[in-house]
Amino acid sequence: MKEKVKIFLESDILEKYLLGDTTKEESQKAERYIAMYPDVRETYEVLQKNLETFANMYAKKTPEGLKDIIIASARKETMVSKRYMRYAVAASIAIMIFAGSSLFFWNQNKTLQEENTLVTNQIKYLEDNMKDQLADMRNQFIVLNNPATKKYQVRGEREAKELKAIAYINPVKKLSYINVSNVPELPEDKCFQMWAEVNGELVNLGVIKDFDEKDKLLALPYADNAVGYITIEPKGGNNIPSVDNIVANINY
Amino acid sequence: MSTLIERHIVSLLEEKDDKAISLLYENYGDTLFGVAFKVVKDEDLAQDVLQESFIKIWKKADTYDASKAKLFTWLFRIVRNTAIDKLRSVTNKSDKEIQIDVSDVYNVGVKAINPEHLDIQENLDKIEDKYRIVLEALFFEGMTQQEASDELDIPLGTIKSRLKIGLRELGKIYGTTMSLLLILNLLS
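Residues numbered from 1 in each chain as written. Chains lettered and ligands numbered in written order. Predicted model: local features only at pLDDT ≥ 70, side-chain atom pairs only at ≥ 80, totals over all residues.

- Where an unreviewed UniProt entry is consulted, chain B appears under the name RNA polymerase sigma factor, with the organism given as Flagellimonas chongwuensis.
- Word for word, the UniProt comment on chain B under Sequence similarities (unreviewed entry) is "Belongs to the sigma-70 factor family. ECF subfamily." (UniProt positions renumbered as here; feature names shortened; annotations may be inferred.)

- Per an unreviewed UniProt entry, chain A goes by the name RNA polymerase subunit sigma-70 and belongs to Flagellimonas chongwuensis.

## Side note on the overall build of chain A
In step 1: Each helix and strand counted, chain A has 5 helices and 8 strands in total.
In step 2: When the helices and strands of chain A are read in sequence order from the N terminus, they spell out α-α-α-α-α-β-β-β-β-β-β-β-β.
In step 3: Across the 252 residues in chain A, those meeting the buried criterion constitute 23%.
In step 4: Excluding contacts between residues fewer than 6 apart, the proportion of contacts in chain A whose partners are at least 24 apart in sequence is 55%. (Helix = DSSP H or I, 4+ residues; strand = E, 2+ residues; numbered from the N terminus. Buried ≥ 20, exposed ≤ 12 C-beta atoms within 10 Å, placed from the backbone. Contact = placed C-beta atoms within 7 Å.)

## What to know about the interface of chain B and chain A
In step 1: On the side of chain A, 33 residues touch chain B, which itself brings 44 residues to the contact.
In step 2: Every element with two or more residues in the side of chain B that touches chain A is listed here: helix H2 (19-40), helix H3 (43-59), helix H4 (71-93), helix H6 (118-126), helix H7 (129-140) and helix H9 (156-187) of chain B.
In step 3: Sort the elements by how many residues they give to the side of chain B that touches chain A and H2(B) lands first, with 11 residues.
In step 4: The residue makeup of the side of chain B that touches chain A, split by class, is 21 nonpolar, 14 polar and 9 charged. (Nonpolar A, V, L, I, M, F, W, Y, C, P; charged D, E, K, R; others polar.)

## Side note on the UniProt feature "transmembrane region" (unreviewed entry) in chain A
In step 1: UniProt records the feature "transmembrane region" (unreviewed entry) at residues 84-106 of chain A, using the numbering of this structure.
In step 2: End C-alpha to end C-alpha, residues 84-106 of chain A measures 32 Å, and it is 100% helix and 0% strand.

## Some details on helix H5 (residues 66-145) of chain A
In step 1: The end-to-end C-alpha separation of H5(A) is 114 Å, in line with the 118 Å expected for 80 residues at 1.5 Å each.
In step 2: Across the 80 residues of H5(A), 3 count as buried, placing the element largely on the outside.
In step 3: Where H5(A) is concerned, the buried positions are A:Ile70, A:Ala74 and A:Val143.
In step 4: In this structure, the buried side of H5(A) is in contact with strand S2 (164-170) and strand S3 (175-182) of chain A together with H2 and H3 of chain B. (Expected span 1.5 Å × (residues − 1).)

## Quick notes on the packing of H7(B) against helix H8 (residues 145-152) of chain B
All names here are of chain B.
In step 1: Relative to each other, H7 and H8 sit at 130 degrees, their axes nearing to 10 Å. Judged on the interaxial angle alone, H8 and H7 are oblique. When you trace H7 past H8, the crossing you get is right-handed. Within the contact between the two elements, H7 uses Ile-133, Val-134, Ala-137 and Leu-138 and H8 uses Gln-145, Ala-148, Glu-151 and Leu-152.
In step 2: Looking at the contact of H7 with H8 residue by residue, the class counts come to 6 nonpolar, 1 polar and 1 charged. (Axes fitted to C-alpha atoms, helices over the stretch in contact; angles between N-to-C directions. Parallel < 35°, antiparallel > 145°, perpendicular 65-115°, else oblique. Left-handed = near helix turned anticlockwise from the far one by under 90°.)

## A closer look at the sheet that holds strand S6 (residues 218-220) of chain A
Residues and elements named next belong to chain A.
In step 1: The sheet built from 4 strands is open, its strands ordered S1-S2-S3-S6 with antiparallel pairing. Pairing within the sheet leaves two strands with one partner each, and these edge strands are strand S1 (150-155) and S6. For this sheet, the mean angle separating the axes of adjacent strands, direction not counted, is 25 degrees.
In step 2: When S1 meets S2, the two strands line up antiparallel, connected through 6 bridges. Bridging across to S2, Val-154 finds its partner in Ala-165.
In step 3: Taken strand by strand, H5 contacts S2, S3 and S6, and its axis lies near 85 degrees from that of S3. (Pairing = 2+ DSSP bridges.)

## Describing the nonpolar core
In step 1: By size, the foremost hydrophobic cluster in this structure holds 58 residues, and its most contacted members are B:Val35, B:Ala36 and B:Leu75.
In step 2: Looking at which element gives the most residues to this core, the answer is H2(B), with 12 residues.
In step 3: The contacts of B:Leu75, once residues within four sequence positions are left out, are B:Tyr28, B:Leu32 and B:Ile57.
In step 4: Grouped together as the second largest cluster of nonpolar side chains are 24 residues, A:Val154, A:Ala165, A:Phe192 and A:Trp195 included. (Core = buried A, V, L, I, M, F, W, Y, C linked by C-beta atoms within 7 Å.)

Laid out in structure tokens, this is it:
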């Protein structure tokens, strides 16, 4: 450790530090050694004393009136810095207001952009929906007007004897529709559900609602030799049809 | 170890009390003016340097750290650097006006010495020229040790050792002067 201190003292870092000629790294090193090693601290103290002695040797009487000029300059500087502080405070407030309003407008812009996206999506959805409905209407029109369309009367069986439906099948246009015209009353926990067996796969066509769908043509998935079923299922519909509860068959 | 007056000035500086400037001027003004003059070698320029330095001292008062340097060391650094900067800016403007001639630097004019410091002038004479030349080049010319070595045509190692010995010699002289003054005071 003593060797380290000796090497440091033999270098000129401390002398350079005394005069303020050190680099940042050298200053940090000098300050560390001064704080840690009493020998270095003592040497630094001596150097400081000697610097003052050396500088005193060159002392020169200051000119008359210089003191007043310097004191006046210092006072002026204080006033300028106070004024500067006032400007700085005003500028800070202005910046804060600007930042606040920027944030407000940014937020508003963001909200508007989000709303814009929402509205665009809604329009797109409505457009798609409208197109689907138009296509459906067009198909219904074709089915009902095309001479190749065959009409099948569907009657319910067992507890659904009152069920009446008409299926429209057009093998040329490969379109099939059904209109359920009369749905018998069922207990509250039951409902009618439509299915279609297309190429060996059962497709759920959904629950027949009592009133809404009476005058509606419901599209059936088309396939050659497909079979449609109506079953009675628990309220809300079922994932697979209850074979025992088939109340109507539509072969098309 | 700081003196009472040093501590008083430092506390006034911290409080931004402009009495600090007055006290600094009274206690260190002549020495700092001497330092500035020694560097710029022109009385008017030295006045400008001292004025600029005091403004810097006043503005930087809150950066002074008593644990890192004595008050005088801090003041000296500011004045010395301001003077070196001033000299460089003036030299750049007109090389002819001020010549940094090594021979000028080492001539301490008798007129420049205040009678109050004559005893110190005697001491200055006691420092051998070879040490004084090195100390002045480093302290007042703002030369690095390498620059001083090149300028004075003295090996770098010799510059380093003369700086150390020169400063040590100062300590001895200072010690002797203080002892003599003490004896004289006791006798009177």
